[in-house]
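# Fold and geometry: a report
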Amino acid sequence: MSGRARVEAILKRVAEVEELKPCEIRANLNVFNGDGVSSECFRGSIQSKDANGAKMIKVFIKVKPPKQMEVTGAAFINEMNFYSRIHPELDRFQRLRGVEDPFDKIPKFFCGSLEESREYLAFTDLLAENYALFEKSQPLDEKHLQAIFATYGKFHALTFAYKASNPEKYQEITAPAIDILSTFLESVSKEIEGTFQTALEYIKETNQQGADKAQMFLDDFGPSRLRGCKYEGQYSAWIHGDCWSNNMLFKYLANGDLEDIKLLDHQCGRDSTPVHDLSYCFYSGASKPDFDKLDYYLDLYYHSFSKFAKELGADPDKMLPLEALKNDWKKYALMGIYMAIVAGSLKFMAKKEFQDRMAETPKDQDLIANILQMIKQSREHPSWKKTLADILVHAVEYGIIN
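Per chain, residues are indexed from 1 in the order of the written sequence. At least 70 in pLDDT is required for a residue's local features to be given in this predicted model, at least 80 for side-chain atom pairs to be given and counted, and no such filter applies to totals for whole chains, interfaces and linings, which use all residues. Working from all heavy atoms in the structure, the side-chain values ignore hydrogens and water.

A count of helices and strands for the chain gives 17 helices and ten strands. A compact globule built from 402 residues would reach a C-alpha radius of gyration of about 21 Å, and the chain, at 21 Å, matches this within 12%. Dimensions of the chain, computed from the C-alpha atoms along their principal axes, are close to 75 × 55 × 45 Å. The 402 residues of the chain split such that 55% are buried. Of the roughly 17,800 Å² that the chain leaves accessible, carbon and sulfur atoms contribute 48%. For this count, His and the chain ends are skipped, Lys and Arg are scored as positive, and Asp and Glu as negative. Charge placement uses NZ in Lys and CZ in Arg. For Asp and Glu, CG and CD serve respectively. Computed over 51 positive and 59 negative side-chain charges, the separation of the two mean positions in the chain equals 3 Å. Put simply, DSSP H or I for four residues or longer makes a helix, DSSP E for two residues or longer makes a strand, and each gets a number counted from the N terminus. Computation of the radius of gyration draws on C-alpha atoms alone. For the globule rule, the value is 2.2 Å times the number of residues to the power 0.38. Partly exposed residues are those whose accessible area sits between 20% and 50% of the maximum for their type, while under 20% is buried and over 50% is exposed, using a 1.4 Å probe and protein chains only. Per-residue and other accessible areas were derived by the Shrake-Rupley procedure at a 1.4 Å probe size, with only the shown protein chains allowed to occlude residues.

Put into structure tokens, the structure is as follows:
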């Protein structure tokens, strides 16, 4: 099937789901890829010709890419399960509870397929609704961090409350999830260790005590490199999973104020601690002034979590005590730091350069080799090297590394 035929077939399926007949299908065959490797993206539109009034739907389509990582298939399975089973259940639950302001930060999903060689996911096109990516090379400012932590507070309150209320159904709908990130981190652990070493050399001149503690951690990095990746505590529920700023879209008012946020790319979702979501976003996107205000952001998150949990008829202190969240941060935020190192390899690379490098990868070579090289190169970027050093010092001071 040609590219045009494939995209048009998907748009026709969306039209059927949305009951738009008769209609005109318009496929945009330009590839709209970002800084990811798990999918190839297209856009299109559907114009109804109903006598009762025209209706236009803008569609964003993700398909399996021609060059894939080992985990690409699992990523599509995970995301399809989230959009077709988990999210509808969560939405039904919150509406049955009669909340005044339901959680609505997930893009509308039209349809998808896991048929071999024809995998796709189709969503509403948020770019056509004036949502935009945050500039990845810049640190997230306070207003964005506030919105993100509040959004995750509400999302996690919903997943925790659903799990507490429907444990058997929760187990059923989340059972298909495949833990992609732990597998991925294992494959890049050597480059992560090298990046830690670069940051350590950077801080030795200014913070010898912190450097000594970091050195002890690095000396034991081999056997303990995945410490914090597998949650072993009692406070878990469904999380987003892949939480750097490029997996979020923001919408702004005319005066520049932030109006809305959407959480994208749910291929790494799983049952785990909220710390994995929050720390990944925080350390991949914030900077030292905000690292120093971590407790402020955790309190803000918990206020959002607690408020929405109560609206859902749940007990936030029983589901996730604030003290437990902060204690879990010291044990499990290391995974967020690992993922920040991976995301950092993309922060200062132009999108076209990244896409060109992926395109140059031989078909018989897993894309992971290119990612390893990018992690290695990124650690020498002056701005990122300083941020890495700030993260390492913060991790020592907060007790994540001890």
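The rest of the description comes next.
Moving on, we get to the environment of Ser137. Structurally, Ser137 can be placed in the loop between strand S6 (131-132) and helix H3 (142-165). Beyond its immediate stretch of four places on either side in the chain, Ser137 contacts Lys347 and Phe348. Here a polar contact is taken to be a pair of N or O atoms separated by no more than 3.5 Å, where protein atoms must pair a possible hydrogen donor with a possible acceptor and residues adjacent in sequence count only if both atoms sit in side chains. A distance of 2.8 Å separates polar atoms of two side chains, one belonging to Ser137 and the other to Glu135. Any two residues whose heavy atoms approach within 4.5 Å are treated as being in contact.

Side chains on a regular strand alternate between the two faces of the sheet. Counting buried residues in strand S5 (residues 120-124) gives five out of five residues, a clear majority hidden from the surface. Only strands joined by at least two bridges in the DSSP assignment are considered to pair. Looking at chain direction, strand S3 (residues 56-63) and S5 are connected through five bridges and run antiparallel. Note that in S5 the partner of Val59 across the bridge is Thr124. Connecting strand S4 (residues 109-113) to the antiparallel partner S5 that follows it, the hairpin turn spans six residues, and Ser117 within it adopts a positive phi of roughly 75 degrees.

This brings us to the sheet that holds strand S2 (residues 40-48). The strands that make up a sheet pair up through hydrogen bonds in the backbone, lying either parallel or antiparallel. As summarised here, the arrangement of the five strands in space is S1-S2-S3-S5-S4, forming an open sheet in which the pairing is antiparallel. Unpaired on one side and paired on the other, strand S1 (23-28) and S4 mark the two borders of the sheet. Between one strand axis and the next, the sheet turns by 20 degrees as a mean value, whatever way the strands run. With four bridges connecting them, S4 and S5 associate as antiparallel partners. Bridged to Gly112 within S5 is Leu121. Helix axes are fitted only over the stretch in contact, all axes being lines through C-alpha atoms; the angle between N-to-C directions runs from 0 to 180 degrees. Across the sheet, helix H2 (residues 72-96) lies against S3, S4 and S5, angled at about 40 degrees from S5, the strand it touches most.

Membership of the largest hydrophobic core comes to 107 residues, with the highest contact counts inside it found for Phe196, Phe282, Tyr283 and Trp329. Excluding residues that lie within four positions of it along the chain, Trp329 makes contacts with Val275, Leu278, Ser279, Phe282, Tyr283, Leu294, Leu298, Tyr398 and Ile400. Core analysis: the second largest hydrophobic core is formed by 17 residues, Val7, Ala27, Ile57 and Val59 among them. Only buried Ala, Val, Leu, Ile, Met, Phe, Trp, Tyr and Cys residues count toward a nonpolar core, and they belong to the same one when joined by side-chain atoms within 4.5 Å.

With that settled, the discussion passes to the packing of aromatic side chains. In this scheme Phe, Tyr and Trp rings, the latter by its six-membered ring, pair at centre separations within 6.5 Å, and the angle between planes marks the pair as stacked below 30 degrees, edge-to-face above 60, and tilted otherwise. In total, this model carries 25 aromatic pairs according to the counting rule given. Where Phe282 meets Trp329, the ring centres are 6.3 Å apart and the plane angle is 75 degrees; that geometry is what we call edge-to-face. You can see Phe282 sitting in helix H9 (residues 274-285) and its partner Trp329 sitting in helix H13 (residues 322-332), a full 47 residues away along the chain. Here the aromatic residues Phe149, Phe282, Tyr283, Phe291, Tyr296, Tyr297 and Trp329 are joined through ring pairs into a cluster of three or more. Its end group placed over the ring of Phe308, Lys154 keeps NZ or CZ at 4.9 Å from the ring centre. Any Lys NZ or Arg CZ that is within 6 Å of a ring centre and within 35 degrees of that ring's normal is treated as a charge sitting over the ring. Note that Lys330 overlies the ring of Tyr398, its terminal NZ or CZ placed 5.8 Å from the centroid.

Right, let's get into the pattern of salt bridges. Should a side-chain nitrogen of Lys or Arg be within 4 Å of a carboxyl oxygen of Asp or Glu, the pair is scored as a salt bridge. Summed over all chains, the structure comprises 27 salt bridges. A salt bridge links Glu89 to Arg92; the shortest N-O distance between them is 3.0 Å. You can see Glu89 and its partner Arg92 sitting in helix H2, three residues apart, about one turn around the helix. Two residues, Asp390 and Lys386, come together in a salt bridge whose shortest N-O distance is 3.1 Å. With Asp390 and Lys386 both in helix H17 (residues 382-398) and four residues apart, this pair spans about one turn of that helix. The exposure class of Lys386 is partly exposed, given its relative accessible area of 41%. A single network of salt bridges, built from pairs that share partners, joins Asp104, Lys105, Asp260 and Lys262.

Another point: a nonpolar patch on the surface. Residues Ile77, Leu114 and Ile178 make up a contiguous nonpolar surface patch of about 210 Å² in total accessible area. In this fold, Ile77 is placed in helix H2. Like-charged residues within 9 Å of one another, or nonpolar side chains (Val, Leu, Ile, Met, Phe, Trp, Tyr) within 5 Å, are grouped into patches, provided each residue has over 30% relative accessible area and no salt bridge.

Strand direction decides the pairing type here: strand S8 (residues 248-252) and strand S9 (residues 258-263), joined by five bridges, are antiparallel. In the strand pairing of S9, Phe250 is matched with Ile261. Taking the residues between adjacent antiparallel strands as the criterion, S8 and S9 are bridged by five residues, where Gly256 takes a positive phi near 95 degrees.

Of the residues making up H13, those classed as buried are Ala324, Leu325, Asp328, Trp329 and Tyr332. The arc that holds every buried residue of H13, seen down its axis, measures 145 degrees, which confines them to one face. An arc is given here, and it is the one of the directions from the helix axis to the C-beta atoms.

Turning our attention to the side chain of Gln94. Checked against the element boundaries, Gln94 lands in helix H2. Within the structure, Gln94 has its side chain in polar contact with the side chain of Asp91 (distance 2.9 Å). The contacts of Gln94, once residues within four sequence positions are left out, are Val99, Pro102, Phe103, Leu158, Phe308 and Leu312.

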